[in-house]
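What the coordinates show
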Amino acid sequence: DCRVHVFDPDTDQTLLLTTLEMHSTRVVFAGSDFWIVGQSNTNDDIQGFNFDPTTDETLAGPTTLVALAARVNDLAVAQTGVSDFTTTHATGTTVRANRFNAAGAVQSSFDVTAAGTSIEAVACCGNSGGTLLSFAWQEGATGAYSLVTTSQTGGGAVGPTSFTRF
C-alpha cells in the first residue's frame, strides 16, 4: 500500500491524504489535475487516480491505464506536453511507453526497446511541446544504461545510446 499526500504549497493545507492499494506509485501534473499512478496490488494493472485540486476532496475510483498480467520491475511517469502524461514500465526484457491525455485516454502505446535482458529501472521525460519523449533504462545483469529519444508516438527513434554513470 502507499500513502498519498497532496497539499497546497502556499498555505501548507492538506488537500488529499489517503492510502491506496498500489505500489511503485508516482504523481504527475497534467493539464489542471494530478494523476496518481501505480501498479495495483490486486491485479497488476497500472492504474491512475485523477485529482483536481480546485474541486475534488476525495479520489474517484481508479482508471485502468494499462492492463497487465504480471508485476513490472519498475514504473515511471512524466508530464509530456501541456496536458499529457506518459507512463513507462519495464519487464525483464522490454521497456513499454503509454501516452495519455489529461482525461486518461490512450494517445499512443509502443515498445521503447524489446532487446533487454534484465531491465530493472526506467525513467522518462518529455519536452514542453509534447513532441519528443526520452527514455532511459538500466540493465540489471550488466549495470549498463541506455537512452533513446522518440516522437510522441514512438517513431523517429534516436538511439539507444549506451552510457555509464559518473
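Please read all numbers here as calculations on a predicted model, not as lab measurements.

Section: the sheet that holds strand S11 (residues 119-126)
Strand order in this open sheet of 4 strands is S11-S12-S13-S14, and the pairing throughout is antiparallel. The open sheet has two edge strands with one neighbour each: S11 and strand S14 (158-163). Ignoring strand direction, the axes of neighbouring strands in this sheet form an average angle of 20°. In this structure, S11 lies alongside strand S12 (residues 132-139), joined through 7 bridges in antiparallel fashion. Counterpart to Ala123 in the pairing with S12 is Ala136.

Topic: the pairing of strand S4 (residues 33-40)
Most of S4 sits inside the fold, with 7 of its 8 residues counted as buried. For strand S3 (residues 22-30) and S4, the ladder comprises 7 bridges, and the chain directions are antiparallel. The residue bridging His23 from the neighbouring strand is Gln39, located in S4. Counted between consecutive antiparallel strands, the loop separating S3 from S4 contains 2 residues, among which Gly31 sits at a positive phi close to 70°. Pairing analysis gives 6 bridges linking S4 to strand S5 (residues 46-51), with the strands arranged antiparallel. When the bridges of S5 are listed, Ile36 appears paired with Phe49. Hairpin connection of S4 to S5: 5 residues between the antiparallel strands, including Asp44 at a positive phi of 75°.

Conventions used here
Residues numbered from 1 in each chain as written. Predicted model: local features only at pLDDT ≥ 70, side-chain atom pairs only at ≥ 80, totals over all residues. Heavy atoms only, no water. Pairing = 2+ DSSP bridges. Helix = DSSP H or I, 4+ residues; strand = E, 2+ residues; numbered from the N terminus. Axes fitted to C-alpha atoms, helices over the stretch in contact; angles between N-to-C directions. Buried < 20%, exposed > 50% of the residue type's maximum accessible area, 1.4 Å probe, protein only.

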